[in-house]
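# Survey of secondary and tertiary structure
The primary structure of each chain is shown beneath.
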Amino acid sequence: MKETRKEIIGMTPLDTSARALRAPRLIDRARRPLGMAAVIGTITLLSSVGATAQAAKPLPCLPNSSGPTTSAPTPYPGGMCNLGTLGGDWSVARAVSADGAVVVGEAKTSVGNERAFRWTKDEGMQVLEGLSGISSEVRAISADGAVVVGRAKTTYGDRAFRWSKDSGLQNLGTLGGKYSDARSVSADGAVVVGWAYTSVGNQRAFRWTKDGGMQDLGTLGGKYSEANAVSADGTVVVGESLISNNLIRAFRWTKDGGMQDLGTLGGKHSRAYGVSADGSVVVGYALNFNGRERAFRWTEDGGMQDLGALGGDYSMAYGVSADGTVVVGVAYTSDGNYRAFRWTKDGGMQDLGTLGGESSVAVGVSADGTVVVGYAENFIGNWRAFIWRTQN
């Protein structure tokens, strides 16, 4: 049965539970309390809703991916290419290397296990070495595709990990509690950010390095924080945190400045999910005056800018190119479906289509903004990892 409002935007690009993959879910309000808040920063609407001027033209599919094809009974709209699975009925792409050549994510195996994968056009989808027997979820990849981070199940609980072919799987530990999750990694793979529980059970954003270990980045006044992305050089971290009145706000952290509250679009809360290579552009979503989640692009000079939607009321930004000019995410259409989008200042928000189903979500983009990855429904309603490419 089709839902009136498919609340995929209540599901972050990092939620990979089987239930979340089978059906969108509501925001976990127990974990993410909301409330009234003053507007902080500048609010601007960028480009008309659903703008399609100068839409990017998709390229044909690479080897070890499928569609679009003119001979298909129903051609895949939008130029999305299916990366396949590990033998099961779903897969999800989470991130892509700087040059767009390596894609990582997780997929279901033929025996029903969830495993982290690494995809290239030459080798296709392969289980990450050292993780074949471990339930794991990938979050991010270094610029050259050599380092992967995420979380994996251990005998002690879910733990953040850092993986490379040379060093294998490394448990990054916690902040004294039982759980941790790595969400992003610097371009050279040396800095990892995410969240971890403390010894008293609070969830905190962390920044990890080999020499310094796991550093608690604090909060904006509340008990909870979460780091979701890091700049190329590892010096700027973005994410979300409770503030003193128990509202959630997007933050930008630096060593010298600490956590900066990026405000909202006039509503109750905001979250940051992506940051440009130099740390100057932040993307995510925030509530507007009407209480609608809207994708935003933030800069120091321009403040928080509303990127619009695809004819519906809701949108979320999950990734941004190295120079901050290309933003990807998910937005509602006028008919109530949610679609992966690619946004540019000149072209506005472009619907990237699906793999034959109704819905899709874009979560990662290459450094130059020409390669987008995420997950989309196929003809029978199963999620599949996708890659979408363009020349401009």
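So, how was this worked out
Residues numbered from 1 in each chain as written. Predicted model: local features only at pLDDT ≥ 70, side-chain atom pairs only at ≥ 80, totals over all residues. Heavy atoms only, no water. Helix = DSSP H or I, 4+ residues; strand = E, 2+ residues; numbered from the N terminus. Buried < 20%, exposed > 50% of the residue type's maximum accessible area, 1.4 Å probe, protein only. Pairing = 2+ DSSP bridges. Axes fitted to C-alpha atoms, helices over the stretch in contact; angles between N-to-C directions.

## Quick notes on the environment of Leu242
Within the secondary structure, Leu242 is located in strand S16 (residues 236-243). Classification of Leu242 as buried rests on a relative accessible area of 8%. For the pair Leu242 and Ser225, spaced 17 residues apart in the sequence, the C-alpha separation amounts to 6.3 Å.

## Brief notes about the sheet that holds strand S29 (residues 383-389)
Within the open sheet, the 4 strands sit side by side as S2-S29-S28-S27. Their pairing is antiparallel. The open sheet has two free edges, formed respectively by strand S2 (81-82) and strand S27 (356-365), since each of these has just one partner strand. Here S2 pairs with S29 via 2 bridges, running antiparallel. By the bridge assignment, Asn82 is partnered in S29 with Phe386.

## Thoughts on the sheet that holds strand S14 (residues 213-216)
A sheet is described by the order of its strands in space; here 4 strands give the open sequence S11-S12-S13-S14, paired in antiparallel fashion. With one partner strand each, in any of the chains shown, strand S11 (176-185) and S14 form the two edges of the open sheet. For this sheet, the mean inter-axis angle between neighbouring strands, taken without regard to orientation, is 35 degrees. The pairing of S11 with strand S12 (residues 192-198) spans 6 bridges and is classified as antiparallel. Within S12, the position partnered with Ser180 by the bridge is Ala196.

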